Amino acid sequence: MRFSMSWRVLSLSLLLVGGAAFAADGAPKAAPAAAAHAAQQRPGHAAIASANFHATEAGLEVLAKGGNAFDAAVAVAATLSVVEPESSGIGGGFMAVLHRAKDGRNVFIDARETAPAAVNPKDYLNPDGSPNRDTALKGPLSAGIPGEPAGLVLIAKRYGRLSLQQSLAPAIRIARDGFEPDARLRGAIASMQKDLARWPASAAKYLPNGKPPAEGATWRDPDQARTLELIAAHGDDGFYRGETAQKLVAAVRAAGGNWTLADLANYRAKERTPISVDYRGYKIITAPPPSSGGVAIAEILNILSGYDLTKMDQATRVHYIVEAMRRAFRDHNDYLGDPDFVKMPLDMLLSPYYAAGLRQGILHDKATPSSMLPRAEAPEPGMHTTHFSIIDADGNMAAVTSTVNYTMGSSFVAAGTGVLLNDEMDDFALVPNKPNVYGLLGSAANAPKGGKRMLSSMSPSIVIGADRTAVIGSPGGSTIITQVLEGILHFIDGESAQQIAAHKRFHHQYLPDVVNVEEGTFDAATSDALTKMGYTLKPRESWGFMNVVTWDRKANKLDAASDPRRPSGLGKVQ
Ligand code: GLY
């Protein structure tokens with residue numbers, strides 16, 4: 001897209017009224033004074049919020065041994081792999097935004113899965129050309145080459161203080177000695193029982209005696225403990241080469257998949273520059289492609305910067321937020337993919353001028369039907385993906401969102417490894433213009449190709465203001481983006497970590513043209529006003545689980561909150 005000169009001039013004046021500013025780099029030089037200030041302080045205590053108390057405790061244990069937030073992130077992620085396998089694990093991938101206190105460095109860790117070199121789009125089609133949902137979501141063809149082990153090794157080596165043996169010790173101990181699966185994990189296994197029963201190693205791991213583990217049962221996984229020990233001892237080589245790699249490839253190929261040893265050996269986790277956007281005096285540091293999340297959040301905030309949301313009734317505020325979401329998701333569908341493979345118009349998408357142009361098309365009292373924005377259906381998000389947030393005593397921060405994609409990933413465990421593989425291949429646009437499991441459409445930019453990373457919605461974010469900082473993120477498929485956006489807005493409005501995590505939520509993703517609403521979000525008058533503006537409100541029961549830590553730097557107070565929607569979560573300050 002090209003802009004004429006007069007349009008640019010007009011947009012600039014709109015921008016000046018709106019007061020937004022965007023910077024496409026994560027370096028402290030672009031930060032408001034607040035961010036630089038944050039780097040000079042230390043809280044003296046640490047806070048961790050994750051979706052499972054074993055994982056939060058593992059992170060705190062590693063901090064107590066002298067580790068920093070990054071060592072704790074390795075411990076939390078690896079422990080979630082053991083105790084919350086329905087959401088994330090070493091058979092999957094993660095995305096993280098890290099803030100290092102000593103030099104103010106912000107970095108994005110891309111441990112997203114890649115397509116195997118032999119990926120064949122026809123494998124995801126039925127003979128009649130329709131999408132084959134089974135190969136896309138179940139079994140070895142649905143699995144990308146895992147990124148989580150390489151990402152954890154990278155974080156430990158470049159940012160941690162402790163050895164991998166020390167950071168992985170709690171996860172190895174829990175896998176070896178056992179733990180009691182919580183109700184959520186038992187429910188996830190029950191919901192996927194038919195699929196898990198299709199592969200002997202999956203059934204052996206998740207269906208002892210042919211059934212999901214019973215309440216109160218102790219569950220041990222010596223195979224996963226051994227795989228984690230090999231990673232602890234040999235780093236990348238413990239997973240991507242040697243014994244584990246051979247077992248993974250043999251299991252995948254025996255079940256009809258196409259991984260090779262070279263696919264594993266060639267995998268690299270990457271450091272990338274995060275996206276940063278300034279909004280109402282706060283700097284938001286968030287995920288760049290191959291996540292669509294940060295681009296969408298920046299685009300939405302740039303559009304919203306032209307309005308004073310604090311001076312509006314709820315219906316009008318929701319109207320402007322939904323219209324901004326609609327426009328950002330339209331662009332998400334069309335433009336975004338793996339930056340190592342596709343050229344994306346990020347300068348345009350992240351530009352305040354572009355946002356100002358989009359803002360002009362928003363009527364003050366009416367919904368814009370998506371069909372009138374020149375270009376799809378979303379089911380409920382399931383029990384997949386997880387997010388945790390950490391701030392340590394020195395002010396280091398880690399926002400980490402990790403996933404095996406849909407609940408229990410591919411349901412395929414590679415025999416002898418204890419590794420449940422992801423089903424991330426479905427996050428590619430496997431069939432152009434046919435929605436994936438989250439109802440998201442894709443274009444050529446997100447077509448599958450050997451070695452390419454599939455687009456993600458994961459949006460781990462750090463928000464830094466003059467006196468207050470938040471580390472924030474959520475699971476939730478396509479709703480990750482809008483939930484994190486709402487969390488950022490609530491934080492900037494002054495809410496506490498607990499209030500943010502508990503806040504009712506809504507979501508719009510361009511198509512389907514409906515506003516998904518959590519029960520209790522809007523009162524009757526607001527629902528009525530939104531309906532009159534042309535919105536279709538649709539109740540949605542399942543929402544992501546937000547884990548937030550905040551640091552009030554004036555009062556030097558840390559706070560940690562785990563989403564009350566998930567009772568097994570724990571936010572703790574120590
Ligand atoms: N697998 C969900 C995501 O990465 O967006």
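Owing to the predicted nature of the structure, the values given are computational and were not obtained by experimental measurement.

Caption draft 1: Structural context of the site of the ligand. Around the ligand sit Arg112, Thr403, Asn405, Glu424, Asp427, Tyr438, Ser456, Ser457 and Met458, and that is every residue in its neighbourhood. Measuring from a nitrogen atom of the ligand, one finds a side-chain N or O atom of Asp427 at 2.7 Å. The contact in question runs from an oxygen atom of the ligand to an N or O atom on the side chain of Ser456, over 2.7 Å.

Caption draft 2: Inspection of the pattern of salt bridges at higher detail. A complete count under the given rule lists 40 salt bridges for this structure. Arg272 serves as the salt-bridge partner of Asp110, at 2.8 Å between the closest nitrogen and oxygen. You can see Asp110 sitting in strand β4 (residues 106–111) and its partner Arg272 sitting in strand β5 (residues 270–272), a full 162 residues away along the chain. Looking at Asp110, the relative accessible area reads 0%, which means it is buried. In this structure Arg272 comes out as buried when scored by relative accessible area, which is 14%. Linking Arg176 and Glu229 is a salt bridge whose minimum nitrogen-to-oxygen distance equals 2.9 Å. Here the residue Arg176 occupies a position in helix α7 (residues 164–177), and Glu229 occupies one in helix α11 (residues 222–234), the gap between them amounting to 53 residues. A relative accessible area of 30% means that Glu229 is categorised as partly exposed.

Caption draft 3: Broad picture of the sheet that holds strand β9 (residues 397–403). Taking strand neighbours across the sheet as the criterion, the seven strands line up as β5-β4-β3-β9-β8-β2-β19 in an open arrangement whose pairing is antiparallel. Of all strands in the sheet, those with a lone pairing partner are β5 and β19 (570–573), marking the two edges. Looking at each pair of strands side by side, their axes are set apart by 10 degrees on average, direction ignored. Direction of pairing for β4 relative to β5: antiparallel, over a ladder of three bridges. For Asp110, the partnering residue across the bridge sits in β5 and is Lys270. Helix-sheet contacts for helix α3 (residues 53–64) involve β2 (47–50) and β19, and the interaxial angle to β2 is about 155 degrees. Most of the contacts of helix α4 (residues 69–83) go to strand β8 (residues 386–391), to which it runs at about 155 degrees, and overall it touches β2, β3 (93–99), β8 and β9.

Caption draft 4: Examining the pairing of β2 more closely. Burial along β2 is two-sided: the residues Ala47 and Ala49 and Ile48 and Ser50 are all buried. Looking at chain direction, β2 and β8 are connected through three bridges and run antiparallel. Each residue of the ladder has a partner; that of Ile48, found in β8, is Ile390. Bridging between β2 and β19 involves four bridges; their strand directions are antiparallel. By the bridge assignment for β19, Ala49 is matched with Gly571.

Caption draft 5: Representation of the environment of Arg105. For Arg105, the location among the structural elements is in the loop between β3 and β4. When the C-alpha positions of Arg105 and Ser292 are compared, they lie 22 Å apart, and in sequence the two are 187 residues distant. In this structure Arg105 touches Leu98, His99, Arg100, Tyr159 and Glu271, once residues within four positions along its chain are discounted. Reaching out from Arg105, the side chain makes a polar contact with the side chain of Glu271 at a distance of 2.7 Å.

Caption draft 6: Highlighting the pairing of strand β7 (residues 282–286). Most of β7 is tucked away, with five of its five residues classed as buried. Side-chain alternation along β7 places Tyr282, Ile284 and Thr286 on one buried face and Lys283 and Ile285 on a second face that is also buried. By the bridge criterion, five bridges tie strand β6 (residues 275–279) to β7 in an arrangement that is antiparallel. By the bridge assignment for β7, Tyr279 is matched with Tyr282. With antiparallel pairing between neighbouring strands as the criterion, β6 and β7 make up a hairpin whose turn holds two residues, including Arg280 at a positive phi of roughly 45 degrees. As paired elements, β7 and strand β12 (residues 461–464) share three bridges and run antiparallel to each other.

Analysis parameters
Sequence positions are assigned chain by chain, starting from 1 and proceeding in written order. Reporting of local features is limited, given that this is a predicted model, to residues whose pLDDT is at least 70; pairs of side-chain atoms are given and counted only at 80 or more, and all residues count toward the totals for whole chains, interfaces and linings. As a convention, hydrogens and water are excluded, and side-chain values are obtained from all of the structure's heavy atoms. One heavy atom suffices: a residue is near a molecule or strand as soon as one of its heavy atoms comes within 4 Å of it. Polar contacts here mean pairs of N or O atoms no more than 3.5 Å apart (in protein, one a potential hydrogen donor and the other a potential acceptor; neighbouring residues in sequence count only if both atoms are side-chain atoms). Salt bridges are counted wherever a side-chain nitrogen of Lys or Arg sits within 4 Å of a carboxyl oxygen of Asp or Glu. Here a strand is any run of E in DSSP of at least two residues, a helix any run of H or I of at least four, and the numbering for each starts at the N terminus. Type-normalised accessible area, obtained with a 1.4 Å probe on protein chains alone, sets the label of each residue: buried when under 20%, exposed when over 50%, and partly exposed for intermediate values. When DSSP finds two or more bridges between a pair of strands, those strands are recorded as paired. An axis is simply a line fitted to the C-alpha atoms; with a helix, the fit covers only the stretch in contact. Between two such axes, the angle follows the N-to-C directions and lies from 0 to 180 degrees. Two residues qualify as a contact provided that any one of their heavy atoms is within 4.5 Å of a heavy atom in the partner residue.

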